[in-house]
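Descriptive analysis of the structure
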Amino acid sequence: MKAILICGSRNPNGQTAATAGAVLEGLAKAGVPAEKVFLPALAIERCRQCDDSGWGLCMKEGRCVIEDDMAGLVEKMRQADAVVFASPVYFSDMSESLRAFTDRLRRICMQEAGRSSIKGKPAIGVCVAGGGGVGAPECCASLKKVAAACGFAVAEMIPVKRQDLREKTQALERAGQSLASGLARN
Ligand SMILES: Cc1cc2nc3c(=O)[nH]c(=O)nc-3n(C[C@H](O)[C@H](O)[C@H](O)COP(=O)(O)O)c2cc1C
């Protein structure tokens, strides 16, 4: 059993990584290790909206025409038993790197081959408002919408404010543990 963290922050030592780290700690306590992926370190272009119709190979074949790090990451996600999405809150929404990735993922998931080993996969999201503290619920709503459209079984979306991070750590760990117990039951 293994999980993967898809993190939309560029900072492995930042607030988003620390918050997601609490979820991973819960998973680890239940015997589920996780690989961590920081999206800004990868080359993931935004969607090119290939055809005049706005669609492209994504609709026909469930894969993306762009040859960058996307396909490899999607394959890693397919191999994982659960996915943890984490984003810093930017303008009350997801970070640009997570947006670019999930935008393209949603497109390939519109096709059966594309959503293979993604549909029904358990997922958790955490959105970290690390500035004034506004916008985490809106960011969670945005992430939940795209994750659900991809077909993930979204177990929880957890909004976190910098000001509440310490108090929320236990709840985040518990979320990781309960994600792991769900995996063990299946
Ligand atoms: C472009 C940008 C927009 C931001 N918008 C918000 C915001 O709407 N609400 C908020 O609380 N913090 C906001 N912040 C602060 C980030 O949420 C904060 O830097 C981030 O959570 C820190 O995570 P990191 O340490 O993983 O980078 C913004 C930061 C940037 C760079």
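What comes next concerns the included structure. Computed from a prediction, not measured in an experiment: that's the story for all the values here.

So, about the overall build of the protein chain. When helices and strands are counted, the protein chain shows 6 helices and 5 strands. Reading the protein chain from its N terminus to its C terminus gives the helix and strand order β-α-β-α-α-β-α-β-α-β-α. For 186 residues, the compact-globule estimate of 2.2 N^0.38 gives 16 Å, and the C-alpha radius of gyration of the protein chain, at 16 Å, lies within 12% of that figure. Principal axes of the C-alpha set define a box for the protein chain whose edges measure 50 × 40 × 25 Å. Restricting to contacts in the protein chain with at least 6 residues of sequence separation, those with at least 24 account for 80%.

A word on the packing of helix H4 (residues 96-108) against helix H5 (residues 136-150). Viewed as axis vectors pointing N to C, H4 and H5 meet at an angle of 30 degrees, and their least axial separation amounts to 8 Å. The orientation of H4 relative to H5 falls into the category roughly parallel. Crossing handedness for the pair H4 and H5: left-handed. Listed contacts from H5 to Thr 102, Leu 105 and Arg 106 of H4 are Val 146, Ala 149 and Cys 150.

A few words on H4. For H4, built from 13 residues, the straight-helix expectation of 18 Å at 1.5 Å per residue is met to within 8% by its first-to-last C-alpha distance of 19 Å. Within H4, burial applies to Ser 97, Leu 98, Phe 101, Thr 102, Arg 104, Leu 105, Arg 106, Arg 107 and Ile 108.

Moving on, we come to the site of the ligand. In the vicinity of the ligand lie 19 residues, with Ser 9, Gly 14, Thr 16, Gly 130 and Gly 131 positioned nearest. A per-element tally of the shell around the ligand places helix H1 (residues 15-29) first, with 3 residues. Taken together, the residues of the shell around the ligand break down into 8 nonpolar, 11 polar and no charged.

Take the nonpolar core next. Ranked by size, the top nonpolar core spans 56 residues in total, and within it Val 23, Val 83, Val 84 and Val 126 carry the most contacts. Looking at which element gives the most residues to this core, the answer is H5, with 7 residues. Beyond its immediate sequence surroundings of up to four residues, Val 23 is in contact with Val 84, Ile 124, Val 126, Leu 172, Ala 175 and Gly 176.

Attention now moves to helix H3 (residues 70-79). Taken together, the buried positions of H3 are occupied by Met 70, Val 74 and Met 77. The buried side chains of H3 occupy one side of the element, clustering within an arc of 55 degrees when seen end-on. Opposite its buried face, H3 presents the exposed residues Gly 72, Glu 75 and Gln 79, each directed more than 90 degrees away. Of the surrounding secondary structure, the elements contacted by the buried residues of H3 are strand E1 (3-7), strand E3 (82-88) and H4.

All right, on to the environment of Ala 136 then. Positionally, Ala 136 belongs in helix H5. For Ala 136, a count of 24 C-beta atoms within 10 Å gives the class buried. Put simply, Ala 136 and Tyr 90 are 46 residues apart on the chain and 9.0 Å apart in space, counted from C-alpha to C-alpha. Setting aside its immediate chain neighbours within four residues, Ala 136 contacts Val 89, Cys 127, Val 128, Ala 129, Pro 159, Val 160 and Lys 161.

Inspection of the sheet shows E1 paired to strand E2 (residues 34-38) by 5 bridges, in the parallel sense. Following the sheet pairing, Leu 5 is matched in E2 by Lys 36. Assessed by its sense of winding, the connection that carries the chain from E1 through H1 to E2 is right-handed.

One can describe the packing of H1 onto helix H6 (residues 165-185) by two numbers: an axis separation of 6 Å at closest approach and a directional angle of 40 degrees. Taken together, the axes of H1 and H6 lie oblique to each other. In the packing of H1 onto H6, the handedness of the crossing is right-handed. Between H1 and H6, the contacting residues are Gln 15, Thr 19, Ala 22, Val 23, Leu 24, Glu 25, Gly 26, Leu 27 and Lys 29 on the first element and Leu 165, Thr 169, Leu 172, Glu 173, Arg 174, Ala 175, Gly 176, Gln 177, Leu 179 and Ala 180 on the second. Of the residues belonging to the contact of H1 with H6, the class tally is 9 nonpolar, 6 polar and 4 charged.

Rules behind the numbers
Residues numbered from 1 in each chain as written. Predicted model: local features only at pLDDT ≥ 70, side-chain atom pairs only at ≥ 80, totals over all residues. Helix = DSSP H or I, 4+ residues; strand = E, 2+ residues; numbered from the N terminus. Rg over C-alpha atoms; globule rule 2.2 N^0.38 Å. Contact = placed C-beta atoms within 7 Å. Axes fitted to C-alpha atoms, helices over the stretch in contact; angles between N-to-C directions. Parallel < 35°, antiparallel > 145°, perpendicular 65-115°, else oblique. Left-handed = near helix turned anticlockwise from the far one by under 90°. Expected span 1.5 Å × (residues − 1). Buried ≥ 20, exposed ≤ 12 C-beta atoms within 10 Å, placed from the backbone. Near = placed C-beta within 6 Å. Nonpolar A, V, L, I, M, F, W, Y, C, P; charged D, E, K, R; others polar. Core = buried A, V, L, I, M, F, W, Y, C linked by C-beta atoms within 7 Å. Arc of directions from axis to C-beta. Pairing = 2+ DSSP bridges. Right-handed = clockwise from strand over helix to strand, strands pointing away.

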